[in-house]
Structures are given as structure tokens and as C-alpha cells.
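# Understanding the architecture of this molecule
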Amino acid sequence: MWFFSEEHRMLQNSVRQFSTQELTPCIEKLDHEEGFNREAFFKMGELGLLGITIPEEEGGAGLDAVSATLVMEEMGAVDASTTLSYLAHSILCVNQIGKNGTSEQKKKYLPKLLSGEWIGGMGMSEPDAGSDALAMKTKAIRQEGHYLLNGSKTWITNGPVGDVFYCYARTGEKKSDISTFLIDRDMPGFSTGKKFSKMGMRASPTGELVFANCRLPETQRVGQEGKSIKMMMQNLDLERITISGISLGIARASIEVATKYAKERMAFGKPIGAFQQIQERLTEASAWYEACRSLTYQAAKLWDLGLMNDKDASMMAAKAKLQSAQMGTQVALDAIQILGGYGYTREFPVERYMRDAKLIEIGAGTNEILRIIIARQMLGADVVG
Ligand SMILES: Cc1cc2nc3c(=O)[nH]c(=O)nc-3n(C[C@H](O)[C@H](O)[C@H](O)COP(=O)(O)OP(=O)(O)OC[C@H]3O[C@@H](n4cnc5c(N)ncnc54)[C@H](O)[C@@H]3O)c2cc1C
């Protein structure tokens, strides 16, 4: 990308090296067994990746959204699952504490989250409130000096392994009365529920969070009571830009495997890459990947420059993720087709790429919800609803 700085390129190289050394050897086994690469988080801590957007004076790397997206692309090309867990930790939890937490909260949480001693996650979705997140039912009732939290969250990345969760709950009757709370794993009344067995992203543990009269000191609330929606939506935009990087990584890896195979695999006396239909799949995949890469890094750069108002930022983030996510799945499917029978087996990683890529069309806003966000901005809420 033309605007990548020397610092961006150095980061890209070091994350590429880290991914090859630390993630490549483990991912097939972890994917098969639905494990979790806990060790990788300590190494990411040493590299300064866990607090990528946290200012240097607070112990972070002080880097921008372009950098965070680059990390997602490089790690995502090797191991999309661990990258998803990294995203939940660094963008959905750590970045939010850094941006919205009090100095006491930062002092309590950031050092351990940045070193990898603690794993973080974010709880917004509920069994009856996914796309319609503001329909959440988890309630926090204020009592003298503390809150009593009841309800549950579901589909939470790092739920089964996390130590700290940045969670949203209702604190009033209006749909917009949403507040944020920091939940520690060992708080009385808090537990983690079921761990889900998934089709893809299998090395990123996903589970439920359960609150049964969970007693929280008021000091665990982040920001003003009932005023969390703006912070939640802004973080969703950053999540959509950075998660697009994982789709880019998966697509790039798929294209690399398929191109190599098309040069080596012989059929009818020729390498299959000599056939026009194989060329069409490869060239379309490569062009779509480049288009999505430009769109995603442009969205990240505009985010960093602060040149967009909230609505435009949401639309750009939605466009980047809508296209990148669909591209990631389709390109992985194309790679499977190019590899024929081998593509359908565990002999090659492309079947994993496809299973992982599909999640990005669902998490952080489904394709359908992203189209609504874009349509609202183009046509107006009075037309779209
Ligand atoms: C592996 C994984 C990890 C996740 N990690 C997290 C996490 O860390 N934290 C968190 O809070 N959440 C997380 N999620 C939840 C994720 O954000 C939700 O799954 C997603 O928002 C969709 O919600 P839902 O699954 O309830 O689907 P629903 O909202 O029930 O949607 C079902 C279908 O209906 C469609 N639909 C819904 N409304 C409309 C509409 N108005 N118009 C057209 N179509 C519509 C949807 O697009 C979808 O196709 C994760 C999910 C998964 C699978």
C-alpha cells in the first residue's frame, strides 16, 4: 500500500516471522482438537502486539488502525483462529479500556493484559439479541455503592479462556440505556457457561458468560451510566476494519496455495494452470483480493486521519468488511476447487481457510446488517428504516 510507512513494513515483517515460527507449527493440531494457543499470547506480549493501539506512555505500542489491520492480515494468513482471539483481546477489550477506562481501571487491567498474563474478551451478544444488539436483556441494577448484574452473553470469543470481559448491560428502561462493566473471571456471581463446538475458527474458544446476582463495585463501570452506545458503535467500526484484515490474510494464503498447485499439478499432459478456467479463477481471486485490500487499508487510514464523521466511518467500515468477508470465503472456495480432491482433504490447509473465512461474514455484523448500514447512509433512515 502506498501509504505504508517504514514502521508499518517493519511491523509486517516481524509479525510474518512470528506467525511462521509460533503459529504455523501448532495450527493444524489446534484446529483439529479445538485447542487454544495460550503460549502465543505471551509471545505477542513480548512483541508489544497486545496493546497495539494503547499509547506508549501507558505501556502500549501506540500504533494506528493501519498497523492493527496489518497484524491481522499477517497472522490471519497463517492462523485465522488465533488472530480472531487476538482481535477480541487487543481491539474489543484492551483498546476499549485504554480509550474509555479511568486511570485506576487502566492501572489495574492494562499491565497484565499487555503482557499476556490475562486474556481479554468483549460481551455484547446475547441468546435473543445478536444483530439487534440493543435488545439485550442483561440488566445491571444499581444498589448502594455497587451493581447487581443478571443475564447472559453468548458467542463470546475467549469466553472459555478469558480473565477479563468488557461487557455491556442495560441500566434503564429505554433501549439506549446501555452501560459498560469490567468483569473479572473470579467475581462472585459470574461464571462461564457452555463452550461451543464450531465449524471454523476452532482454535479460538467461543462460549457463554453467565451473571447470576453478580455483585460489581461501581468502580467496575466504564464511562457514564447509560451512555455506552457511542463507544460501542465506534469500537464496532474499528472491529470491522481490523477483522477485514483476517479475510485478506486468508485470501492471500488461499491464492498462494492455489497458484503453486496450478503450476505443479499435471492433467492432460499440462500443468492445470494452462487451462483458461483455472486461470480465470486465479486471476479473479487475485484482483478481488487486491480491491478489498485497497478498500480495507483506505478505511483504516481514513480512520487514523480522523477525516470521517461517525456515519461515514461506519459506512466505510461496513463496506470494507462486507466485501472482504465475502471475498475471503469465495477465494478459499476457489482454492478448494483448484486443488480438486486434495482441496477437500486435510492434506492441504485450504479447507480450513474456507471454514475460518465464513465466520467473518457473520461475526462483527452479518453481511445483511452491513448492507443495511450502507443503505441507510445512501438512502436515508426514513427510506431504509
Ligand atoms: C465465532 C463467533 C465469535 C463471536 N464473538 C463475539 C464476541 O466476542 N462478542 C460478542 O458480543 N459477539 C460475538 N459473536 C456474535 C456475533 O456478533 C453474532 O453472531 C452476530 O452479530 C449475529 O447475531 P446472531 O448470531 O444472533 O444472528 P441473528 O441476529 O439472529 O441473525 C440471523 C440471520 O438473520 C439475519 N438478519 C437479522 N436481522 C436482519 C435484518 N434486519 N434484515 C435482514 N436480515 C437480518 C442475519 O443477517 C442472519 O443472517 C460471535 C459469533 C461467532 C459465531
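About the thresholds
Residues numbered from 1 in each chain as written. Predicted model: local features only at pLDDT ≥ 70, side-chain atom pairs only at ≥ 80, totals over all residues. Helix = DSSP H or I, 4+ residues; strand = E, 2+ residues; numbered from the N terminus. Rg over C-alpha atoms; globule rule 2.2 N^0.38 Å. Buried ≥ 20, exposed ≤ 12 C-beta atoms within 10 Å, placed from the backbone. Contact = placed C-beta atoms within 7 Å. Near = placed C-beta within 6 Å. Nonpolar A, V, L, I, M, F, W, Y, C, P; charged D, E, K, R; others polar. Core = buried A, V, L, I, M, F, W, Y, C linked by C-beta atoms within 7 Å. Axes fitted to C-alpha atoms, helices over the stretch in contact; angles between N-to-C directions. Left-handed = near helix turned anticlockwise from the far one by under 90°. Pairing = 2+ DSSP bridges. Domains from an automatic or database assignment. Parallel < 35°, antiparallel > 145°, perpendicular 65-115°, else oblique.

### Notes on the overall build of the chain
Counting its regular elements, the chain contains 11 helices and 10 strands. For 385 residues, the compact-globule estimate of 2.2 N^0.38 gives 21 Å, and the chain sits close to it at 21 Å. Along the three orthogonal principal directions, the C-alpha set of the chain runs to about 80 × 50 × 40 Å. Within the chain, buried positions represent 51% of all 385 residues. Expressed as a percentage of contacts within the chain between residues at least 6 apart in sequence, the contacts between residues at least 24 apart total 74%.

### Some details on the site of the ligand
Neighbouring the ligand are 21 residues; Met 124, Gly 130, Ser 131, Thr 366 and Glu 368 lie closest to it. Breaking the shell around the ligand down by element, the ones donating at least two residues are strand S1 (120-123), strand S3 (146-157) and helix H10 (367-379). Of the residues assigned to the shell around the ligand, the class counts are 10 nonpolar, 9 polar and 2 charged.

### Re the nonpolar core
Among the nonpolar cores identified, the biggest contains 115 residues, and Phe 181, Ala 332 and Ala 335 are the most heavily contacted of them. For this core, the element with the most residues is helix H8 (residues 310-343), which contributes 16 residues. Not counting chain neighbours up to four residues away, the residues in contact with Ala 332 comprise Ile 250, Ser 254, Val 350, Tyr 353, Met 354 and Ala 357.

### With respect to helix H9 (residues 350-359)
Most of H9 is tucked away, with 8 of its 10 residues classed as buried. Taken as a whole, H9 has its buried residues at Val 350, Glu 351, Arg 352, Tyr 353, Met 354, Asp 356, Ala 357 and Leu 359.

### Brief notes about the packing of helix H4 (residues 80-100) against helix H5 (residues 103-115)
In contact at an axis separation of 10 Å, H4 and H5 are set at 150° when each is read in the N-to-C sense. Every pair of crossing elements has a handedness; the one defined by H4 and H5 is left-handed. Note on element contacts: H5 touches H4 through Gln 105, Lys 106, Tyr 109, Leu 110 and Leu 113, opposite Cys 93, Val 94, Ile 97 and Gly 98. Here the residues of the contact of H4 with H5 are counted per class, giving 6 nonpolar, 2 polar and 1 charged.

### Here's the deal with unusual backbone geometry
Backbone geometry at Asn 158 places phi at a positive 75°, although glycine is not the residue there. Inspection of the secondary structure assignment puts Asn 158 in the loop between S3 and strand S4 (164-170).

### Considering the pairing of S1
Residues Gly 120 and Met 122 line one face of S1 and the alternating positions Gly 121 and Gly 123 line the opposite face, and both faces are buried. Relative to S4, S1 is paired through 4 bridges, and the arrangement is parallel. What sits directly across from Gly 121, in S4, is Phe 165.

### Topic: the domain arrangement of the chain
What the domain assignment reports for the chain is domain 1 (6-119), domain 2 (122-222) and domain 3 (229-384). Relative to domain 2, the C-alpha centre of domain 1 lies at a distance of 22 Å. Each partner contributes residues to the interface: domain 1 has 27 residues there, and domain 2 has 17 residues. Among the elements of the structure, helix H1 (6-33), H4 and H5 are those that each provide at least two residues to the side of domain 1 that touches domain 2. Ranked by residue count, the leading element in the side of domain 1 that touches domain 2 is H4, at 12 residues.

### Comments concerning the packing of H8 against H9
The N-to-C vectors of H8 and H9 enclose an angle of 155°; their axes lie 8 Å apart at closest approach. By the angle between their axes, H8 is roughly antiparallel relative to H9. Here the hand of the crossing between H8 and H9 comes out left-handed. Residue-level contacts link Gly 328, Thr 329, Ala 332, Leu 333, Ala 335, Ile 336, Leu 339 and Gly 343 of H8 to Val 350, Glu 351, Tyr 353, Met 354, Ala 357 and Lys 358 of H9. By residue class, the composition of the contact of H8 with H9 is 9 nonpolar, 3 polar and 2 charged.

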